[in-house]
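# Fold and contact review
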Amino acid sequence: MRDPGAEPPVRWWWVLALYTPVLAFYGAHYAAGLIHPGISATGFVHYDVPYTMACAREFVDNGLHGLLFTLPSGVEADGGPVLLQLHMWMLGQVWRWFPMDPGLLYFAFGTVCGLLAVRSFVRLFDAVVPVEGARRRIGHVLFLWGGGLLAVSGELLNLLHGRPIDRTWTHLLDLDPAYGWWMMNLGRCLILPNEAYYHLLFFSAALAFVRARHRTALICLLLLAASHPFAGVGGLVVFFTWSVVERVIVRDPDATISVPIVLATAFALCCWYYFAWLPGRLDPALAQALPSRYIVEARSILPAYLLVLLPAMARLRTRGRLRAFLSQRSSRMLLTMAVVQFVLENHEVFTRPYQPAHFTRGYTWAALFLIGAPWLLNEALPWIGRHRPRARTAMMVGCLMLLLSDNLAFFALNIKRELRASPPGFWLTVDQRGVLDFLGTLPRDSPLVITQEEDLGYMVIVYTPLRAYRSHFFDEVDAWSRVGHQADYFAGRITDPLLAGPLIVVAVQDSATFVPPGNARSLYTNAGYSVFRTE
């Protein structure tokens, strides 16, 4: 560990260079709108991403002046604001004062948070890993874009299953949870603007603690706790545990009692809010669905962490090395972070699961990497140079490519999908934007919107002030039933009482099965869609 404030300067050009893969990802998304005639990019590159801006829209359209909001996927308009996520309030205020395309605003938010997060990552690395010159730059690249053996293991699994070579590419991420979108390593998280914001706060808090700036660290953690249940609670538990270790076990004179007291109080308030106050104010079916087994499969854990676990073990391989490691305050923080985050992301082993996979997002991986990086960069790489001079370049390149293989595979596959305008991103046709523009002119108290196309219904809650019968699948109560009710409605049958009253109906023009009800009144028509109002 370096002395506080003795780290080399971090240049913004280097921060931008490290952030380049994220810019390339979004560049491919927006380029698809130029490559494929008739569509335009939304700025939303994953299924969950538009929902944040739908939540932020609650502060724009529904007159909510406090910090709480209502789930926009709720079809009942009388639900009061009960949810707190501070960054959505901030996005809503910016959107209220500077009306702009929601996807562009969200991309700008993610870019600002992402660049600041990269700077925090690099500064934390420099604070806890004493390395200079080219190896420092290599360390930065590996910290952001290193991974595990998930892609390599996926390819081995393809070969074991006997898949043809031309098909193995599409199955490369089969072992990577959610095909890579649970993000078991660090830099990939910056693709999602929300995660860029959470990681900025978490790693800024870690850096502040390393520099003994406790007040700054506590502010970051309190903001994080007010922004997201999983990242927030994870940050509180990690640093509370570490502060107790420092105060009670190590008896570090620099460990102030105020830190565990503030963090424990914040954790207690989070528990009261999420487990006592909130459930009684949510839809009962939705509240019951919150405890769920979104887990990381056991077969993915070792491939995800092996390449950072081995250097960490090598660094601590003797009693003397372990004692020297534990003598440093920042090292104890990293060890606590690795252990606590790993327990949180696998807590279904110990107790009732509350979506354990939400605690992944690279926190465990980052802590293990920082523990092992001094051995990797200061011992392993120089050893290769001294003892294998002829094969030095090939061995170093091979090791680096192995560490980068997960993200090379993830970005290659997903940039290809973005360029093809394929899921999980969203693009809109001219006709779809025309429908959304028209719906955006209707008053907020207009009837519920039902659309024949699921993705268009999702975009309704983002681009208009109206509610949609079907929007974000995973935040709907009894979503599969609604899928059936929606299909029944456009087949001429009403099987849900909600669809018997007034509705705004968006039908596809070339649909041969849907006949508007006799009381339907045409509101808008373009080449692709017809909009009706039923009474």
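Just so it is clear, the model here is predicted, and its values are computed rather than measured.

### Observations regarding the overall build of the protein
- Helix and strand counts for the protein come out as 20 helices and 8 strands.
- For a compact globule of 535 residues, the expected C-alpha radius of gyration is about 24 Å, and the protein comes in at 25 Å, within 12% of that figure.
- Once the C-alpha set of the protein is aligned to its principal axes, its extents read approximately 85 × 55 × 40 Å.
- Counting over 535 residues, the protein shows a buried share of 55%.
- Of all intrachain contacts in the protein linking residues separated by at least 6 positions in sequence, the fraction that spans at least 24 positions is 70%.
- Carbon and sulfur atoms make up 65% of the accessible area of the protein, which amounts to about 23100 Å² in all.
- Side chains of the protein give 44 positive and 38 negative charges; the mean places of these two sets differ by 13 Å.

### Let's talk about the nonpolar core
- Counting residues in hydrophobic clusters, the biggest one holds 154 residues, and the most contacted among them are F143, F203, F239 and L439.
- With 14 residues, the single largest contributor to this core is helix α16 (residues 363-387).
- Setting aside anything within four residues of it in sequence, one finds F143 in contact with F121, F125, L186, F203, W365, A366, F369 and L370.
- Counting residues in each nonpolar core, the second largest holds 11 residues, with L448, F490, A507 and F532 among its members.

### Things to note about the side chain of R329
- Summarising the element assignment, R329 is placed in helix α15 (residues 329-345).
- Judged by its relative accessible area of 15%, R329 falls in the buried class.
- Side-chain polar atoms of R329 contact the side chain of D252, separated by 3.4 Å.
- Residues within four places of R329 in sequence aside, it is in contact with F209, V210, A212, H214, W242, E246 and D252.

### Let's talk about the packing of aromatic side chains
- Applying the stated rule across the entire model yields 38 aromatic pairs.
- Aromatic pair Y26 and F107: ring centres 4.8 Å apart, planes at 40 degrees, arrangement tilted. Placement of the pair is Y26 in helix α1 (residues 12-35) and F107 in helix α4 (residues 102-128), with a sequence separation of 81 residues.
- Connected via pairs of aromatic rings, a cluster forms that spans F121, F125, F143, F202, F203, F209, F239, W242, Y363, W365 and F369.
- The side chain of R137 reaches across the aromatic face of W14, ending 4.7 Å from its centre.
- We note R482 situated over the ring of Y469; from NZ or CZ to the ring centre the distance is 5.6 Å.

### What to know about the confidence of the model for the protein
- Per-residue pLDDT for the protein averages 91, and the proportion of residues at 70 or more is 96%.
- Within the protein, helix α12 (residues 284-289) has the poorest average pLDDT of any element, 67, and helix α8 (residues 193-210) the best, 98.

### Brief notes about the pattern of salt bridges
- As enumerated under the stated definition, the model contains 13 salt bridges in all.
- Residues R332 and D252 are paired through a salt bridge, measuring 3.9 Å at the closest nitrogen-oxygen approach. Of this pair, R332 sits in helix α15 while D252 sits in the loop between α10 (229-250) and α11 (258-277), placing them 80 residues apart in sequence. Like R332, the residue D252 is buried in the burial classification.
- In this structure, the salt-bridge partner of D488 is R493, at a minimum N-O distance of 2.8 Å.
- Judged by its relative accessible area of 18%, D488 falls in the buried class.

### A short note on the sheet that holds strand β5 (residues 448-451)
- Read from one edge of the open sheet, 4 strands run β5-β6-β8-β7, paired in mixed fashion. The sheet is open, and its two borders are formed by β5 and β7 (521-525), each paired with just one other strand. On average, each strand axis in the sheet is inclined to that of its neighbour by 25 degrees, with strand direction left out of account.
- For β7 and strand β8 (residues 529-534), the ladder comprises 4 bridges, and the chain directions are antiparallel. Directly across from R521, in β8, lies its bridge partner R533.
- Helix α19 (residues 454-463) contacts β5, β6 (503-508) and β8 of the sheet and is inclined by roughly 150 degrees relative to β5.

So, how was this worked out
Residues numbered from 1 in each chain as written. Predicted model: local features only at pLDDT ≥ 70, side-chain atom pairs only at ≥ 80, totals over all residues. Heavy atoms only, no water. Helix = DSSP H or I, 4+ residues; strand = E, 2+ residues; numbered from the N terminus. Rg over C-alpha atoms; globule rule 2.2 N^0.38 Å. Buried < 20%, exposed > 50% of the residue type's maximum accessible area, 1.4 Å probe, protein only. Contact = heavy atoms within 4.5 Å. Areas by Shrake-Rupley, 256 points an atom, 1.4 Å probe, with all protein chains shown as cover. Lys, Arg positive; Asp, Glu negative; His and termini not counted. Charge placed at Lys NZ, Arg CZ, Asp CG, Glu CD. Core = buried A, V, L, I, M, F, W, Y, C linked by side-chain atoms within 4.5 Å. Polar contact = N/O pair within 3.5 Å; in protein donor to acceptor, adjacent residues only side chain to side chain. Phe/Tyr/Trp six-rings, centres within 6.5 Å; stacked < 30°, edge-to-face > 60°. Lys NZ or Arg CZ within 6 Å of the ring centre and 35° of its normal. pLDDT = per-residue confidence, 0-100. Salt bridge = Lys/Arg side-chain N within 4 Å of Asp/Glu carboxyl O. Pairing = 2+ DSSP bridges. Axes fitted to C-alpha atoms, helices over the stretch in contact; angles between N-to-C directions.

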